[in-house]
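# Overview (structure and organization)
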Amino acid sequence: VEKQHAIRNLDQNALYWAGQLRDIAEQAYVHGRTYSAEVWHEHFKRECLPEEFDADLTKEGYQKWDHTPSLERVLVGSTTQLTVKGFALYLQQVEAFGACLGVMFHASPADVRRMA
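Summary of the structure given here. None of these values were measured; they are calculated from a predicted model. Once a new chain begins, its residue numbering starts again from 1 and follows that chain's sequence as written. Owing to the predicted nature of the model, reporting of local features is limited to residues with pLDDT of at least 70; listing and counting of side-chain atom pairs is limited to 80 or more, with chain, interface and lining totals taken over all residues. With hydrogens and water excluded, all non-hydrogen atoms of the structure serve as input to the side-chain values.

Before going further, it helps to examine the overall build of the chain. Counting from the N terminus, the helices are the DSSP runs of H or I reaching at least four residues and the strands are the DSSP runs of E reaching at least two. A tally of helices and strands in the chain yields four helices and two strands. Along its sequence from the N terminus, the chain presents helices and strands in the succession α-α-β-β-α-α. Residue contacts are counted whenever heavy atoms from the two residues lie within 4.5 Å of one another. Contacts spanning at least 24 positions in sequence make up 57% of the contacts within the chain whose residues lie at least 6 apart. Per-residue accessibility takes into account occlusion by the displayed protein chains alone, with areas from the Shrake-Rupley method and a 1.4 Å probe. In the form shown here, the chain has an accessible surface area of approximately 7,000 Å², with 53% of it arising from carbon and sulfur atoms.

Next up on the list: the side chain of Thr 83. Mapped onto the fold, Thr 83 is located in the loop between β2 (73-75) and α3 (84-100). The rule is simple: take the accessible area with a 1.4 Å probe, protein chains only, and divide by the maximum for that residue type; under 20% is buried, over 50% is exposed, in between is partly exposed. On the basis of relative accessible area, Thr 83 is assigned to the buried category, the value being 1%. Dropping the residues within four chain positions of it, Thr 83 is found in contact with His 5, Ala 6, Ile 7, Arg 8, Ala 55, Asp 56, Leu 57, Thr 58 and Lys 59.

Read these as spatial facts, not as claims about activity.
Given below as structure tokens:
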């Protein structure tokens, strides 16, 4: 019998978009400019999604990267493939990155753990 891990939920996702990503998009300056929440989301998926399947962090069949027929590496991983624990870890990494840029957050990964 395998232990089933809950997949990240809508409350966690809402906190990510309305909390961490919004705060970073509004406050973080890199190369003299700000970036949209969508651009930051793509950045964090590349940087913070697990590289390989981990039953504690990702759902069965998770894959971060694939290749096109011309062998170009493309990101196919998604936060929808994370477990509650995996998404909480992901948010901690996003918050740590933002904190290094001086971002002041309105919500924290601890809020996500309470929503789990």
